[in-house]
Amino acid sequence: MRIVVGVDGGGTSTRAVVLDETGHEMARAEGPGAVATLDDPAAVSAAVVSVVARALEDADVTLPVDVLWAGLSGAGRDDVQAAVRASLMEASLAERVFVGTDVEAAFSDAFPLAEPGILLIAGTGSILWARSPGAHMIRVGGWGQDMGDEGSGYWIGREALRSVAAAADGRGPETELTGKALVHSSGQEPGDLIAWAASASKSDIAALAPAVTEVADAGDGVAERILSEAVEELVGHITVGVERSGPWQSRPTLCVWGGLVWKGGPLHRRLNGAVQQLAVDLASRELDPPSGAARMALSELGDQP
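What you are looking at is a predicted structure, and each value in this text was computed from that prediction instead of being measured.

Undergrad: So what's going on with the pattern of salt bridges? Residues and values would help.
TA: Here the structure, examined in full by the defined rule, presents 17 salt bridges. Across the pair R295 and D109 runs a salt bridge, and its minimum N-O distance is 2.6 Å. Placement of R295 in helix α12 (residues 289-299) and of D109 in helix α3 (residues 102-110) is noted, with a sequence separation of 186 residues between them. The exposure class of R295 is partly exposed, given its relative accessible area of 32%. When salt bridges with common partners are traced through the structure, they connect D217, E224, R269 and R270 into a single cluster.

What follows is the structure, encoded as structure tokens:
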């Protein structure tokens, strides 16, 4: 019996799913986050090895498996993929190892039969992928924190910090975001945020998004403006994605995923309300990216013995 493993890794967690050659799920496991980097591919490899080992132990399977497909945040560049793949091959997890992005894993689960459709992911960062009716792949966004990530958790957190600075100067209105940002950063006064922001990770800044929602719901106009602009940015991603992947003979299916926009997320209610005005059908199914990665691994078995 041939065995494959799919992995979905991001800043928050890494999840692995084990399938046999028939597609039957044998086990799954979850562990700490794994973000691919060129500077330290061994670190992400270690996170993947740990969670895969636990999943295989539960499945009573010994290494190496036949195929491992790992979808990892940060693995959008060829050189990063190659470095992480080399590190995973050294770990002898599988006879064959494939490395892609967490977006690919999520898209595979959203549209598993190569169906046309649109996927918006908004968490720490933001990106949209679409498969046209003619099977062409379209990407909107995903340019990273310096050039893009509009409407993401990081974008919201950054705009909150800028609003706090403007309020402290008198360039902008006072906002309850000042207190929330200081609590979040363990600062005493707005000036303390300079050093904190300079050393904070992208995830640290994105973690301000729930506080922005809390303050907006309490009536803070500055926070509400930030969230409204974030929704506008994400709706812009969807609108462009529909246009570029068309023409559509019927309304395309839109899946949304990510901690910012999925159920319970800071922007879930606001984005869902805005999407109702668009010519798309919003899917309600919760995605399972590690299963998408596992199916991609399964497809790589082909007819090999």
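Undergrad: Quick rundown of the pairing of strand β3 (residues 25-32)? Include the residues and the values.
TA: Sheet faces and side chains relate simply in a regular strand, where the side chains alternate between the two faces. As judged from the seven bridges shared by strand β2 (residues 13-20) and β3, these two strands associate in the antiparallel manner. Among the inter-strand pairings, V17 is bridged to a residue of β3, identified as R28.

Undergrad: How would you explain helix α5 (residues 153-169) if you had to name every residue and give the values?
TA: Helical periodicity: at 3.6 residues per turn, an α-helix aligns residues three or four positions apart in one direction. Spanning 17 residues, α5 covers 25 Å between terminal C-alpha atoms, matching the ideal 24 Å at 1.5 Å per step. In terms of residue burial, α5 counts as a mostly covered element, since 13 of its 17 residues are buried. If you check the start of α5, you find a side-chain oxygen 3.4 Å away from the backbone N of Y154, and it comes from S152. G170 occupies a position one or two residues after α5 and carries a positive phi of about 90°.

Undergrad: Lay out helix α11 (residues 268-275) in plain terms, naming residues and giving numbers.
TA: By the burial criterion, the buried members of α11 are H268, R270, L271, N272 and V275. For α11, the elements touching its buried residues are β6 (117-122), α9 (209-217), α10 (221-245), β9 (253-257) and β10 (281-282).

Cut-offs used in this document
- Residues numbered from 1 in each chain as written.
- Predicted model: local features only at pLDDT ≥ 70, side-chain atom pairs only at ≥ 80, totals over all residues.
- Heavy atoms only, no water.
- Salt bridge = Lys/Arg side-chain N within 4 Å of Asp/Glu carboxyl O.
- Helix = DSSP H or I, 4+ residues; strand = E, 2+ residues; numbered from the N terminus.
- Buried < 20%, exposed > 50% of the residue type's maximum accessible area, 1.4 Å probe, protein only.
- Pairing = 2+ DSSP bridges.
- Expected span 1.5 Å × (residues − 1).
- Polar contact = N/O pair within 3.5 Å; in protein donor to acceptor, adjacent residues only side chain to side chain.
- Contact = heavy atoms within 4.5 Å.

All quantities given are derived from atomic positions and should not be read as evidence of function.
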